[in-house]
Amino acid sequence: MAKLRKMLGNINDKVIIQLMRTIETQSKTTISSWAVDYVEKNILSIYEEECSEDLRLSKIISSTKEYLDDKIKLKEIKEILKEVKTIPKELEENPVAQASARAILTACGTVQTPTNALGFTFYAVAAIVYNEVGLNENTEIYDTLAAKEFVKVLESLQSVAIDNEENPVKINWNC
(Lines give C-alpha, C1' and ligand atoms only; values in the text may rest on other atoms or scores of the structure.)
Protein backbone atom coordinates (compact mmCIF):
# COMPACT_ATOMS: atom_id res chain seq x y z
CA MET A 1 0.00 0.00 0.00
CA ALA A 2 1.23 3.48 -0.85
CA LYS A 3 1.56 5.91 2.01
CA LEU A 4 -1.58 7.98 1.74
CA ARG A 5 -1.15 11.69 1.24
CA LYS A 6 -3.47 14.27 2.74
CA MET A 7 -3.72 15.92 -0.67
CA LEU A 8 -3.37 14.67 -4.20
CA GLY A 9 -2.09 16.68 -7.14
CA ASN A 10 1.07 18.40 -8.33
CA ILE A 11 1.27 22.18 -8.13
CA ASN A 12 3.39 22.21 -11.31
CA ASP A 13 0.80 20.35 -13.38
CA LYS A 14 -0.47 22.39 -16.36
CA VAL A 15 -4.10 21.90 -15.36
CA ILE A 16 -3.46 23.11 -11.82
CA ILE A 17 -1.57 26.14 -13.11
CA GLN A 18 -4.52 26.89 -15.38
CA LEU A 19 -6.83 26.49 -12.37
CA MET A 20 -4.72 29.03 -10.46
CA ARG A 21 -4.79 31.49 -13.36
CA THR A 22 -8.58 31.14 -13.62
CA ILE A 23 -9.01 31.72 -9.88
CA GLU A 24 -6.95 34.92 -10.22
CA THR A 25 -9.45 36.34 -12.71
CA GLN A 26 -12.49 35.91 -10.46
CA SER A 27 -13.93 37.87 -7.55
CA LYS A 28 -13.82 36.57 -4.00
CA THR A 29 -17.59 36.03 -4.14
CA THR A 30 -17.40 34.04 -7.37
CA ILE A 31 -14.63 31.75 -6.17
CA SER A 32 -16.22 31.30 -2.74
CA SER A 33 -19.58 30.43 -4.29
CA TRP A 34 -17.90 28.01 -6.69
CA ALA A 35 -15.89 26.34 -3.92
CA VAL A 36 -18.89 25.88 -1.63
CA ASP A 37 -21.10 24.61 -4.46
CA TYR A 38 -18.37 22.22 -5.59
CA VAL A 39 -17.98 20.59 -2.17
CA GLU A 40 -21.71 20.46 -1.65
CA LYS A 41 -22.22 18.63 -4.95
CA ASN A 42 -19.10 16.45 -4.98
CA ILE A 43 -17.72 15.99 -1.48
CA LEU A 44 -20.48 16.23 1.11
CA SER A 45 -22.03 12.91 0.04
CA ILE A 46 -18.64 11.19 0.44
CA TYR A 47 -18.36 12.59 3.96
CA GLU A 48 -21.91 11.63 4.84
CA GLU A 49 -21.32 8.10 3.55
CA GLU A 50 -18.44 7.79 6.00
CA CYS A 51 -19.98 9.75 8.90
CA SER A 52 -23.73 9.55 8.45
CA GLU A 53 -24.58 10.82 11.93
CA ASP A 54 -22.45 13.97 11.71
CA LEU A 55 -24.38 16.90 10.25
CA ARG A 56 -21.86 19.60 11.19
CA LEU A 57 -20.34 19.89 7.73
CA SER A 58 -23.71 20.08 6.05
CA LYS A 59 -24.54 22.92 8.43
CA ILE A 60 -21.29 24.77 7.73
CA ILE A 61 -22.02 24.62 4.00
CA SER A 62 -25.51 26.00 4.62
CA SER A 63 -24.14 28.74 6.87
CA THR A 64 -21.50 29.70 4.31
CA LYS A 65 -24.17 29.96 1.64
CA GLU A 66 -26.19 32.17 3.98
CA TYR A 67 -23.16 34.42 4.36
CA LEU A 68 -22.69 34.57 0.59
CA ASP A 69 -26.38 35.52 0.29
CA ASP A 70 -25.87 38.34 2.85
CA LYS A 71 -28.12 36.63 5.41
CA ILE A 72 -25.46 36.42 8.11
CA LYS A 73 -22.38 38.53 8.88
CA LEU A 74 -18.73 37.64 8.33
CA LYS A 75 -18.19 37.59 12.10
CA GLU A 76 -20.81 34.84 12.42
CA ILE A 77 -19.34 32.63 9.70
CA LYS A 78 -15.85 33.06 11.17
CA GLU A 79 -17.17 31.87 14.54
CA ILE A 80 -18.90 28.88 12.94
CA LEU A 81 -15.75 27.93 11.03
CA LYS A 82 -13.71 28.21 14.22
CA GLU A 83 -16.07 25.83 16.02
CA VAL A 84 -15.69 23.05 13.44
CA LYS A 85 -12.01 23.37 12.54
CA THR A 86 -11.06 20.32 14.65
CA ILE A 87 -13.25 17.87 12.72
CA PRO A 88 -10.40 16.57 10.50
CA LYS A 89 -8.30 15.76 13.58
CA GLU A 90 -11.19 13.65 14.90
CA LEU A 91 -11.04 11.55 11.71
CA GLU A 92 -7.39 10.49 11.61
CA GLU A 93 -8.38 6.83 11.35
CA ASN A 94 -10.59 7.46 8.31
CA PRO A 95 -8.61 9.08 5.44
CA VAL A 96 -11.64 9.40 3.14
CA ALA A 97 -13.73 11.21 5.74
CA GLN A 98 -10.74 13.28 6.81
CA ALA A 99 -9.95 14.44 3.26
CA SER A 100 -13.64 15.20 2.72
CA ALA A 101 -13.81 17.25 5.90
CA ARG A 102 -10.65 19.15 5.02
CA ALA A 103 -12.03 19.90 1.55
CA ILE A 104 -15.33 21.18 2.90
CA LEU A 105 -13.81 23.32 5.65
CA THR A 106 -11.17 24.75 3.33
CA ALA A 107 -13.76 25.52 0.65
CA CYS A 108 -15.96 27.30 3.18
CA GLY A 109 -12.90 29.18 4.39
CA THR A 110 -12.59 30.90 1.00
CA VAL A 111 -14.90 33.59 2.35
CA GLN A 112 -11.98 34.66 4.58
CA THR A 113 -8.99 33.43 2.58
CA PRO A 114 -9.31 33.41 -1.21
CA THR A 115 -6.25 31.18 -1.67
CA ASN A 116 -8.30 28.39 -0.08
CA ALA A 117 -9.97 28.18 -3.49
CA LEU A 118 -6.93 26.25 -4.69
CA GLY A 119 -6.19 24.47 -1.42
CA PHE A 120 -9.59 22.83 -1.07
CA THR A 121 -9.21 21.21 -4.50
CA PHE A 122 -6.22 19.13 -3.41
CA TYR A 123 -8.19 17.73 -0.47
CA ALA A 124 -11.31 17.25 -2.61
CA VAL A 125 -9.42 15.29 -5.23
CA ALA A 126 -7.91 13.08 -2.52
CA ALA A 127 -11.36 12.41 -1.08
CA ILE A 128 -12.80 11.56 -4.49
CA VAL A 129 -9.93 9.32 -5.56
CA TYR A 130 -9.61 7.49 -2.22
CA ASN A 131 -13.36 6.99 -2.14
CA GLU A 132 -13.35 5.71 -5.72
CA VAL A 133 -10.49 3.18 -5.57
CA GLY A 134 -9.85 2.63 -1.89
CA LEU A 135 -6.78 3.05 0.25
CA ASN A 136 -4.54 0.25 -1.03
CA GLU A 137 -3.54 1.39 -4.53
CA ASN A 138 -0.11 2.44 -5.68
CA THR A 139 1.03 6.03 -6.11
CA GLU A 140 0.81 5.91 -9.92
CA ILE A 141 -2.88 4.98 -9.83
CA TYR A 142 -3.65 7.77 -7.37
CA ASP A 143 -1.69 10.31 -9.43
CA THR A 144 -3.34 9.28 -12.70
CA LEU A 145 -6.83 9.50 -11.24
CA ALA A 146 -6.02 12.78 -9.50
CA ALA A 147 -4.86 14.33 -12.78
CA LYS A 148 -8.16 13.36 -14.41
CA GLU A 149 -10.12 14.72 -11.48
CA PHE A 150 -8.32 18.06 -11.63
CA VAL A 151 -9.52 18.47 -15.21
CA LYS A 152 -13.09 18.15 -13.88
CA VAL A 153 -12.34 20.68 -11.12
CA LEU A 154 -11.00 23.17 -13.67
CA GLU A 155 -14.00 22.63 -15.93
CA SER A 156 -16.37 23.27 -13.01
CA LEU A 157 -14.69 26.61 -12.28
CA GLN A 158 -14.62 27.57 -15.94
CA SER A 159 -18.35 26.87 -16.19
CA VAL A 160 -19.12 29.56 -13.58
CA ALA A 161 -16.26 31.96 -14.27
CA ILE A 162 -17.30 35.48 -15.18
CA ASP A 163 -15.57 36.99 -18.19
CA ASN A 164 -13.84 40.28 -17.42
CA GLU A 165 -14.71 40.11 -13.74
CA GLU A 166 -14.66 43.68 -12.39
CA ASN A 167 -13.07 42.91 -9.01
CA PRO A 168 -10.73 39.94 -9.31
CA VAL A 169 -9.03 38.77 -6.14
CA LYS A 170 -5.45 39.75 -5.51
CA ILE A 171 -3.64 36.54 -4.74
CA ASN A 172 -0.03 35.93 -3.83
CA TRP A 173 0.43 32.18 -4.25
CA ASN A 174 2.89 30.86 -1.70
CA CYS A 175 3.58 27.62 -3.49
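Just so it is clear, the structure is predicted and the values come from calculations on it, not from any experiment. Counting restarts for each chain: residues are numbered from 1 in the order of the written sequence. Only residues with pLDDT of 70 or above have their local features reported here, since the model is predicted, and side-chain atom pairs are shown and tallied only from 80 upward, although totals for entire chains, interfaces and linings are computed over all residues. The side-chain values count all of the structure's non-hydrogen atoms but skip hydrogen atoms and water molecules.

Student: Describe in detail the nonpolar core, supporting the description with residues and values.
Tutor: Only buried Ala, Val, Leu, Ile, Met, Phe, Trp, Tyr and Cys residues count toward a nonpolar core, and they belong to the same one when joined by side-chain atoms within 4.5 Å. For every residue, the accessible area obtained with a 1.4 Å probe (protein chains only) is divided by the maximum for its type, and the residue is called buried under 20%, exposed over 50%, and partly exposed between those limits. Formed by 59 residues in total, the largest nonpolar core has its most connected members in I43 and I104. Put simply, DSSP H or I for four residues or longer makes a helix, DSSP E for two residues or longer makes a strand, and each gets a number counted from the N terminus. Mapped by element, the contributors of at least two residues to this core are helix 1 (14-24), helix 2 (28-42), helix 3 (44-50), helix 4 (56-68), helix 5 (74-84), helix 7 (95-108), helix 8 (116-133) and helix 9 (139-160). Among the elements that take part in this core, helix 8 stands out by supplying twelve residues, more than any other. Dropping the residues within four chain positions of it, I43 is found in contact with Y38, S100, A103, I104, A124, A127 and I128. Two residues qualify as a contact provided that any one of their heavy atoms is within 4.5 Å of a heavy atom in the partner residue.

Student: Break down the packing of helix 4 against helix 7 for me, with residues and values.
Tutor: In helix packing, the relevant descriptors are the interaxial angle and the interaxial distance, both defined with respect to the helix axes. One way to put it is that helix 4 packs onto helix 7 with a least axis distance of 10 Å and a crossing angle of 15°. Relative to helix 7, helix 4 is oriented roughly parallel. The two elements helix 4 and helix 7 cross, and the hand of that crossing is left-handed. Counted together, L57, I60, I61 and T64 of helix 4 and A101, I104, L105 and C108 of helix 7 form the full contact between these two elements. For the contact of helix 4 with helix 7, the per-class residue count stands at seven nonpolar, one polar and no charged. Axis geometry follows a simple rule: fit a line to the C-alpha atoms, using only the stretch in contact for helices, then measure angles between N-to-C directions, giving values from 0 to 180 degrees. The cut-offs work like this: below 35 degrees is roughly parallel, past 145 is roughly antiparallel, 65 to 115 is roughly perpendicular, and the gaps in between are oblique. Handedness of each helix crossing follows the sense of rotation of the near helix against the far helix: counterclockwise by less than a right angle gives left-handed, clockwise gives right-handed. Gly falls in the polar group here, along with every residue not listed as nonpolar (Ala, Val, Leu, Ile, Met, Phe, Trp, Tyr, Cys, Pro) or charged (Asp, Glu, Lys, Arg).

Student: Talk me through the environment of T144; I want residue IDs and the actual numbers.
Tutor: Here T144 shows up in helix 9. A polar contact of 2.9 Å, which involves the side chain of T144, links it to the backbone oxygen of E140. Any pair of nitrogen or oxygen atoms within 3.5 Å is treated as a polar contact; in protein, a donor-acceptor pairing is required on top of that, and neighbouring residues in sequence qualify only through side-chain atoms on both sides.

Student: I'd like to hear about the pattern of salt bridges, residue by residue, with values.
Tutor: Any Lys or Arg side-chain nitrogen found within 4 Å of a carboxyl oxygen on Asp or Glu counts as a salt bridge. Inspection of every chain in the model, using the stated rule, returns seven salt bridges. Each member of the salt-bridge network shares a partner with another, and the members are D37, E40 and K65.

Student: Tell me about the packing of aromatic side chains, and name the residues and values.
Tutor: Aromatic contacts are taken between Phe, Tyr and Trp rings whose centres are within 6.5 Å, Trp giving its six-membered ring; a plane angle under 30 degrees counts as stacked, one over 60 as edge-to-face, and the others as tilted. Per the counting criterion, the structure on display carries five aromatic pairs. The rings of W34, Y38 and F120 are connected pair by pair, giving a single aromatic cluster.

Student: If you had to explain the state of the cysteines to someone new, which residues and values would you point to?
Tutor: Throughout, disulfides are identified as pairs of cysteine sulfur atoms within 2.5 Å of each other. For the structure on display, the rule yields zero disulfides. With no disulfide partner, C108 has as its closest neighbouring cysteine sulfur the one in C51, 16 Å distant.

Student: A description of the environment of K89 should follow, citing residues and the corresponding values.
Tutor: Tracing the sequence through the fold places K89 in helix 6 (residues 87-90). Sequence-wise, K89 and V160 are 71 residues apart; in three dimensions their C-alpha atoms are separated by 32 Å.

Student: Could you give an account of unusual backbone geometry, with specific residues and numbers?
Tutor: Trans peptide bonds make up the majority, and among non-glycine residues the majority have a negative phi. Positive phi is not limited to glycine here, since D70 has a value of about 60°. Position of D70 among the secondary structure elements: in the loop between helix 4 and helix 5. Here D70 falls in the exposed class, since its relative accessible area comes to 71%. Even without being glycine, N164 reaches a positive phi, approximately 50°. Within the fold, N164 resides in the segment after helix 9.

From the geometry alone we can't say anything about function, so treat these as descriptive.
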